[in-house]
Amino acid sequence: MPIWNAEYESMTRPKLKELQLRRLQATVGWIYERVPFYTRAMDERGIRPKDIKVLEDVGRLPFTDKTALRDTYPFGLFAVPLDDVVRVHSSSGTTGKPIVVGYTRGDIATWTELTARVASAAGVVRTDLAQMAFGYGMFTGGFGMHYGLERVGATVIPASAGNTERHIMMMQDFGTTVLVSTPSYALYMAEVAESTGVDFSTLPLRLGLFGAEPCSEAARKEIEKKLHIVATDNYGLSEVMGPGVAGECECACGLHIAEDHFLWEIVDPATGEPLPDGEEGELVITPLTKEAFPVLRYRTHDITRMTTETCECGRTMARMAKVRQRTDDMLIIRGVNIFPSQIEDVLFKIEGIRPHYLIVVDRKHGLDDMEVRIEVAEEVFSDIMADMVAFTKHVSDRLHSVIGLHVKVTLVEPGSIERTAGKAKRVLDQREDGC
Ligand code: DLL
């Protein structure tokens, strides 16, 4: 497969490091002069832009977390006057005010280039018809991917999120070849198609660009089987740009991160200290070319590991492992740390369970209580009803063997767990303090 921008995506690592250093120095200078929050934060640490002499000096710069972004709501961290900002988006916080991010015309051009790389690496070509099922709104998914797909030359169908029947109708009538959505929405689409008698194997759909939420290998396989496509993963976050930060190539062995635009670090989530090469930890990103909304060392909370080993596709950009966990997703139940992805991995391995589940956490009489609600496939529902006790015990035992905790397992009717067109909600934490 051709590489979208081989000059950069395949540049030698020493050349890349040189470029990163030049860009880091320029970014730090830009921020220090223009964003009082960072001028103060750097002054407090006694560091000036001229002190950035080698790439490792990034470790001397202050971290940025969501709190800083919230405290400066809405435009307090912008490095340019609003006159130069041509677009804003916001990230969907679960509580309080959202985080607002801005883009200059130059930022939009960079963003377009980077989402074009992601689309192209996944296999999109100009003859494709790409159907967008991300929302076109404050969420970065819709507009972000749209521009990149157009740049590649694909025909974009800006259907936006929701209205699943209409999506399926357009796929049939237009001959859509590429679907762009969250993985959970793709699974929901498969379910709706099944219930309305639409057979994906008869449609031209061949490729999926999925992102914005974790997707296990089991879920990927399920999507590929049900939609008869190749499913690819891409990653990004509003605070550093949106989609376009990293994406899989045809080798599907990690997501190439656009290192010419993003400097990454993997740190210990508890201490913020850098971890040795290849170890799993929290991803920290410093964008190197942002104009309107540059941030230093953004704590993503996403857990991954990096490799710089060469990839067969010819890209030299480092690859990040699929993100399955966020540090702030971790549930502490009766003193045991549990990630929802651990539960998903158990469920997906059990025959008959559908890929829809909800983890409900509550506190009763001062004790944490966890229930896992699962849907079972229609065809096995009645059989299982006959032997429900044995089946739920089997699931509960499997969960116990992985997470070390007895949890209540409840079988619910197929279709009763809420589906969304965006990011799936897997956890309902009803404890007052949420932890
Ligand atoms: O989700 C940007 C995006 C849109 C990426 C479309 C890919 C496709 P936010 O709403 O700010 O931005 O959410 C960012 O979502 O920190 C991760 O926790 C999670 N996330 C994004 N992509 C992936 C992925 C967009 N491929 C947050 N795998 C991030 C796992 C992902 N988690």
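Note that the structure is a prediction, hence the values are computed from the model and not measured. (Residues numbered from 1 in each chain as written. Predicted model: local features only at pLDDT ≥ 70, side-chain atom pairs only at ≥ 80, totals over all residues. Heavy atoms only, no water.)

## Description of the site of the ligand
No. 1: Lining the immediate surroundings of the ligand are 21 residues, of which Asp 233, Asn 234, Ser 238, Asp 302 and Lys 423 lie closest.
No. 2: One nitrogen or oxygen atom from the main chain of Glu 213 is found 3.2 Å from a nitrogen atom belonging to the ligand.
No. 3: At 3.1 Å from an oxygen atom of the ligand is found a side-chain nitrogen or oxygen belonging to Arg 326.
No. 4: In the complex, the protein chains occlude 94% of the 610 Å² of accessible area that the ligand would expose alone.
No. 5: For the shell around the ligand, the secondary-structure elements that each account for two or more residues are helix 6 (140-152) and strand 7 (230-237).
No. 6: The dominant element in the shell around the ligand, judged by the number of residues it contributes, is strand 7, at five residues.
No. 7: Taken together, the residues of the shell around the ligand break down into eight nonpolar, seven polar and six charged. (Near = heavy atom within 4 Å. Polar contact = N/O pair within 3.5 Å; in protein donor to acceptor, adjacent residues only side chain to side chain. Areas by Shrake-Rupley, 256 points an atom, 1.4 Å probe, with all protein chains shown as cover. Helix = DSSP H or I, 4+ residues; strand = E, 2+ residues; numbered from the N terminus. Nonpolar A, V, L, I, M, F, W, Y, C, P; charged D, E, K, R; others polar.)

## Quick notes on a nonpolar patch on the surface
No. 1: Together, Phe 75, Leu 82, Val 88 and Met 138 make up a nonpolar patch on the protein surface, roughly 330 Å² of accessible area in all.
No. 2: Assignment of secondary structure puts Met 138 in the loop between strand 3 (129-132) and helix 6.
No. 3: According to the relative accessible area criterion, Met 138 is partly exposed, its value standing at 44%. (Patch = residues over 30% accessible without salt bridge, like charges linked within 9 Å, V, L, I, M, F, W, Y side chains within 5 Å. Salt bridge = Lys/Arg side-chain N within 4 Å of Asp/Glu carboxyl O. Buried < 20%, exposed > 50% of the residue type's maximum accessible area, 1.4 Å probe, protein only.)

## Quick notes on the environment of Glu 378
No. 1: Tracing the backbone shows Glu 378 in helix 11 (residues 378-386).
No. 2: For the pair Glu 378 and Thr 140, spaced 238 residues apart in the sequence, the C-alpha separation amounts to 36 Å.
No. 3: Not counting chain neighbours up to four residues away, the residues in contact with Glu 378 comprise Arg 354 and Pro 414. (Contact = heavy atoms within 4.5 Å.)

## Quick look at the sheet that holds strand 8 (residues 242-248)
No. 1: Here we have nine strands laid out as an open sheet, ordered 4-3-5-6-7-8-9-14-13, and mixed in their pairing. Looking at which strands have only one partner, the edges of the open sheet turn out to be strand 4 (155-157) and strand 13 (306-307).
No. 2: Here strand 5 (residues 178-181) pairs with strand 6 (residues 207-211) via four bridges, running parallel. Following the sheet pairing, Val 178 is matched in strand 6 by Leu 207.
No. 3: Of the strands in this sheet, strand 6, strand 7 and strand 8 are in contact with helix 5 (residues 105-122), which crosses strand 8 at around 30°.
No. 4: Running over the sheet, helix 6 touches strand 3, strand 4, strand 5, strand 6, strand 7 and strand 8 and is turned about 170° from strand 3. (Pairing = 2+ DSSP bridges. Axes fitted to C-alpha atoms, helices over the stretch in contact; angles between N-to-C directions.)

## So, helix 3 (residues 36-44)
Counting along an α-helix, one turn takes 3.6 residues, and residues three or four places apart therefore face a common direction.
No. 1: Of the positions making up helix 3, those classed as buried are Tyr 38, Ala 41 and Met 42. Considered in projection along helix 3, the buried side chains sweep an arc of 95° and stay on one side of the axis. Looking at helix 3, the residues exposed on the side facing more than 90 degrees away from the buried face are Arg 40 and Glu 44.
No. 2: Elements in contact with the buried residues of helix 3: helix 2 (13-34).
No. 3: The first or second residue beyond helix 3 is Gly 46, which carries a positive phi of 65°. (Arc of directions from axis to C-beta.)

## Some thoughts on the sheet that holds strand 10 (residues 262-267)
No. 1: One open sheet holds the four strands; their spatial order is 10-11-12-15, and the pairing between them is antiparallel. Pairing within the sheet leaves two strands with one partner each, and these edge strands are strand 10 and strand 15 (325-326).
No. 2: Alignment of strand 10 against strand 11 (residues 281-287), held across six bridges, turns out to be antiparallel. Among the inter-strand pairings, Trp 264 is bridged to a residue of strand 11, identified as Ile 285.

## Comments concerning the packing of helix 5 against helix 6
No. 1: Relative to each other, helix 5 and helix 6 sit at 75°, their axes nearing to 7 Å. By the criterion of interaxial angle, the relationship of helix 5 to helix 6 is roughly perpendicular. Contacts between helix 5 and helix 6 involve Ile 108, Trp 111, Thr 112, Thr 115, Ala 116, Val 118, Ala 119 and Ser 120 from the first element and Thr 140, Gly 144, Met 145, Tyr 147, Gly 148, Leu 149, Arg 151 and Val 152 from the second.
No. 2: Per-class residue counts for the contact of helix 5 with helix 6 are nine nonpolar, six polar and one charged. (Parallel < 35°, antiparallel > 145°, perpendicular 65-115°, else oblique.)

## Here we look at unusual backbone geometry
No. 1: A cis geometry characterises the amide bond from Tyr 73 onward to Pro 74, with omega recorded as -5°.
No. 2: By secondary structure assignment, the location of Pro 74 is in the loop between helix 4 (66-71) and strand 1 (87-91).
No. 3: Positioned with a positive phi, Ser 160 is a non-glycine residue whose angle comes to about 70°.
No. 4: By the secondary structure assignment, Ser 160 is in the loop between strand 4 and helix 7 (164-175).
No. 5: A positive phi angle is found at His 301, which is not glycine, with a value near 70°.
No. 6: Within the secondary structure, His 301 is located in strand 12 (residues 298-304).
No. 7: Residue classification places His 301 among the partly exposed positions, given a relative accessible area of 24%.

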